[in-house]
Amino acid sequence: GINAEWPLRPGSEVTKSTEFLTGLYEGDELNAGSISDRDAKVAYLQKAIDTVSIASKAKLSVRPQKIVSGGEPEKTNEFLQLLGQCAASGRNDAAVEKALKMASKPGK
């Protein structure tokens, strides 16, 4: 099976090693290894997907539920590649702010 921490590790590592996702996560989310609830994992990943989509201006079709369950490896890989490209470009407060607004809307 897939390592339970893996789906969250890329976002956690990017947060620690670059400034790209600065401000996106707070509290328990800062330590991805402590997130064990499936819904919390999905919410964590959705924020990262939204931020990458906004920053890269790419329409990502990856679904956080599928990443958590280990499905859609091609779409997950596409997301991870874009995450790496965005992280290399540095901090993007505007993308983080838009993603946080999206996350706070009901039904998202």
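Sequence positions are assigned chain by chain, starting from 1 and proceeding in written order. Where local features are concerned, this predicted model is filtered to residues with pLDDT of at least 70; where side-chain atom pairs are given and counted, the filter is 80 or more; whole-chain, interface and lining totals use all residues. Computation of side-chain values: all heavy atoms of the structure, hydrogens and water removed.

(A) Structural view of helix H5 (residues 93–104). A run of DSSP states H or I qualifies as a helix once it reaches four residues; a run of E qualifies as a strand once it reaches two. Both are numbered from the N-terminal end. Given a helix with a known number of residues, its expected span is that number minus one, times 1.5 Å. A rise of 1.5 Å per residue sets the reference length of H5, with its 12 residues, at 16 Å; its end C-alpha atoms lie 17 Å apart and thus fit the reference within 8%. A simple rule labels every residue: compare its accessible area, found with a 1.4 Å probe on the protein chains alone, to the largest value its type can have, and call it buried under 20%, exposed over 50%, or partly exposed in between. Taken together, the buried positions of H5 are Ala-95, Val-96 and Ala-99. Buried residues of H5, viewed axially, fall in a sector of 100°; they line one side. Facing away from the buried side of H5 by over 90 degrees, the exposed positions are Lys-98 and Ser-104. Whether two residues are in contact is decided by their heavy atoms: any pair within 4.5 Å suffices. Against the buried residues of H5 lie helix H2 (38–56). Here, the arc refers to the directions that run from the helix axis to the C-beta atoms.

(B) Main features of the side chain of Lys-47. Mapping Lys-47 onto the fold places it in helix H2. On the basis of relative accessibility, which here comes to 13%, the residue Lys-47 falls in the buried class. Only 2.9 Å separates the side chain of Lys-47 from the side chain of Glu-29, close enough to count as a polar contact. With residues up to four places along the chain from it excluded, the contact list for Lys-47 reads Leu-24, Tyr-25, Glu-29, Ala-99, Leu-100 and Ala-103. Residues adjacent in sequence count toward polar contacts only when both atoms are side-chain atoms; beyond that, a polar contact is any pair of N or O atoms within 3.5 Å, and within protein one must be able to donate a hydrogen and the other to accept it.

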